[in-house]
Amino acid sequence: MKFEDLLLEIGGFGRFQIFVLFSLCLPRINLPMHFLLHNFLAATPPHHCAIPHQEAFVNLTMEEVLLISIPQEPDGTFRSCEMFTQPQFHLLLNSSLQPENNSIIQTCQHGWVYDHSQFTSTISTEWDLVCEQRGLNQATATFFFIGVTVGAVVFGYLSDRFGRKAMLLLSLVCSIVFGMLSAASVSYSMLAITRTLTGAALSGISLIVLPLGMEWVDIQHRTFSGVLTSIFWSIGNMLLAMVAYLVREWHWLLVAVTGPCLVSIVSLWWVPESARWLIANGKVKQAHRHLLSCARMNGRKDFAVSPELFPSFHLTQALRKMAADKTPGGSYSYISLFRTPVLRKISLCSGAVWFGVAFSYYGMSMNLTGFGLNMYLSQFVFGVIEIPAKVIMYVLMNRVGRRQSQAWALILTGLCIGANVIIPTSFTSLRSVVAITGKGFSEAAFTAVFLYTSELYPTVLRQNGMGYTSFVARLGGSLAPLVFLLDEVWRSLPEVTYCGVAVCCGSVAFLLPETLNVRLPEGIEDVE
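Definitions and limits used
- The numbering scheme is per chain: residues are counted from 1 as the chain's sequence reads.
- Local features in this predicted model are restricted to residues whose pLDDT is 70 or higher, and side-chain atom pairs enter the listing and the counts only when it is 80 or higher, whereas totals over whole chains, interfaces and linings include all residues.
- Heavy atoms from the whole structure form the basis of all side-chain values; hydrogens and water molecules are not counted.
- UniProt positions are given in the numbering used here, feature names are shortened, and annotations may be inferred rather than shown by experiment.
- The pairing test for Phe, Tyr and Trp rings, Trp by its six-membered ring, is centres within 6.5 Å, and the orientation test on the planes gives stacked under 30 degrees, edge-to-face over 60, and tilted for anything in between.
- Secondary structure elements are defined from DSSP: runs of H or I of at least 4 residues count as helices, runs of E of at least 2 residues count as strands, and each element is numbered from the N terminus.
- Each residue is assigned to one of three classes by its accessible area relative to the maximum for its type, calculated with a 1.4 Å probe on protein chains only: buried under 20%, partly exposed between the two thresholds, exposed over 50%.
- Criterion for a charge above a ring: Lys NZ or Arg CZ within 6 Å of the ring centre, and within 35 degrees of the ring normal.
- The working definition used for a salt bridge is a side-chain nitrogen of Lys or Arg within 4 Å of a carboxyl oxygen of Asp or Glu.

- The protein chain is annotated in an unreviewed UniProt entry as Solute carrier family 22 member 7 of Syrrhaptes paradoxus.
- Annotation of the protein chain in UniProt includes, under Sequence similarities (unreviewed entry), the sentence "Belongs to the major facilitator (TC 2.A.1) superfamily. Organic cation transporter (TC 2.A.1.19) family."

Pasting the structure below:
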């Protein structure tokens, strides 16, 4: 007897499964509140050089003091990173006569003054991560995603070794500890280290929640379960906007987004360990107890097997035999993804697609001020648009096919980003509509790539394939924040880069095989 047969006996999708899925959705909400926190944690408000000896200008207004002390941009705004070596009093008579002699202009010597009308404090204002130090500001997001990458490897191994639930609890506890340490940071170095560790801890939640829920659900409802879990990511997106709007001080913002992990720990008290994992690891009595609980909650009172008779199902032996049948040549590793021609092509192309999906998604998600909307409203709307995008993409993938849906979703994401390079900034409403549409395509591409990739790889290499592509995706997520620094070369270069990568990687998807209504491959020979 296979586990799927046993699951049908006790109810493959009843009240028990719904309870488990909703309990696991609470930890899922925590993820975007940290993954996209950089938008508010490291926001840089308007600023200018601090002007020394302001008491000498008691007869001048603040605007006039800035006029004689800070050079102006062509549009009339004051520069953020430069000041005059000496006050230029002649500008009081004609402010348009900006000095052309760069020798009287210097970088800020006495720190900066920040506009606190929108943010009480951020890490930018706390440690002056502006101008020459601007790269360190963007690097905090990169450090976080490096932690996520490392955590995926660590928790992927540990969850197979010690169980899903135990490692999920460990991940949540570590997230709380490192999240609170981040809030208590007294230096940039401490923040960088604790945010990296927070990313590693949260990676366990990202990695374990979906499989733990799916392993309790029958085959017919797995797609629905995946959509349901994914929708709670979007809800977390919207909650982040509201929390950031209410909490404008970065220490307390970190506390506010970390606190819900406590609620998640409480909700996991009633979530059982994966019965599949328990049986595969010979923990038959524990599996039996959880299966009986499932049967009772689903109303299958006739399902009653004593612990002494339970081993007669030979589930452990059956699962081990299945594993042996699928790996006739021994164990597989990441190297196996590149040994044979077709699998090598799939791995290279799917890796490129994953990189483009993550790179463009986080590129759009971390540029809330570039589309003409208030950043809090942008964050909220970006979360709202994801929900219909997920639903529409699942319909399209079953009608049009995986390959076409994946490719065009990513290409259209890039074209929307590129369109906003051309559209003048004065067309605020049009830029906002294009940005929101692009964000919808971006989320659709992310939704598609999870399902598509799992169908491309054979069973014996599916987890390795997903691990490899997830690693490439997180590499894209790590690089996305750093691309914003390219605006010093050309103002639109970051958007052009996101556009180019999305279009190119989307085009690569056309090289992948179609998997709609195709039997899932079991071994490498099926792919070849």
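### Topic: the packing of aromatic side chains
Right, so step 1: In the structure shown here, the tally under the stated rule is 20 aromatic pairs.
Right, so step 2: For the ring pair Phe 16 and Trp 216, a centre distance of 5.0 Å and an interplane angle of 65 degrees mean the geometry is edge-to-face. Of the two residues, Phe 16 sits in helix α2 (residues 15-35) while Trp 216 sits in the loop between α8 (188-214) and α9 (222-246), which places them 200 residues apart along the sequence.
Right, so step 3: Owing to a relative accessible area of 4%, Phe 16 belongs among the buried residues under this scheme.
Right, so step 4: A residue is classified by how much of its surface remains accessible, and Trp 216, at 0% relative accessible area, is buried.
Right, so step 5: Here the aromatic cluster, defined as three or more aromatic residues joined through ring pairs, consists of Phe 35, Phe 144, Phe 145, Trp 233, Trp 354, Tyr 361, Tyr 362 and Phe 446.
Right, so step 6: Over the aromatic face of Tyr 245 sits the side chain of Arg 248, whose NZ or CZ is 4.8 Å from the ring centroid.

### Re the pattern of salt bridges
Where charged atoms from two side chains of opposite charge approach closely, those side chains can pair.
Right, so step 1: Applying the stated rule across the entire model yields five salt bridges.
Right, so step 2: The salt bridge involving Arg 134 is made with Glu 488; its shortest N-O contact spans 3.3 Å. With a gap of 354 residues between them, Arg 134 in helix α6 (residues 134-162) and Glu 488 in the loop between α19 (462-483) and α20 (493-508) connect regions that are remote in the sequence.
Right, so step 3: We classify Glu 488 as exposed; its relative accessible area is 61%.
Right, so step 4: A salt bridge links Glu 386 to Lys 439; the nearest nitrogen and oxygen atoms lie 2.5 Å apart. Residue Glu 386 is located in helix α16 (residues 375-399), and its partner Lys 439 is located in helix α18 (residues 428-456); the two are separated by 53 residues in the primary sequence.
Right, so step 5: Overall, the relative accessible area of 1% leaves Lys 439 in the buried class.
Right, so step 6: Among the ionic contacts, a cluster of salt bridges with common partners joins Arg 134, Asp 487 and Glu 488.

### Topic: unusual backbone geometry
Right, so step 1: Phi angles above zero are rare outside glycine, and Asp 128 is one such case at about 50 degrees.
Right, so step 2: Note that Asp 128 resides in the loop between α5 (123-127) and α6.
Right, so step 3: The class for Asp 128 is partly exposed, based on a relative accessible area of 26%.
Right, so step 4: Positive phi is not limited to glycine here, since Cys 131 has a value of about 55 degrees.
Right, so step 5: Mapping Cys 131 onto the fold places it in the loop between α5 and α6.

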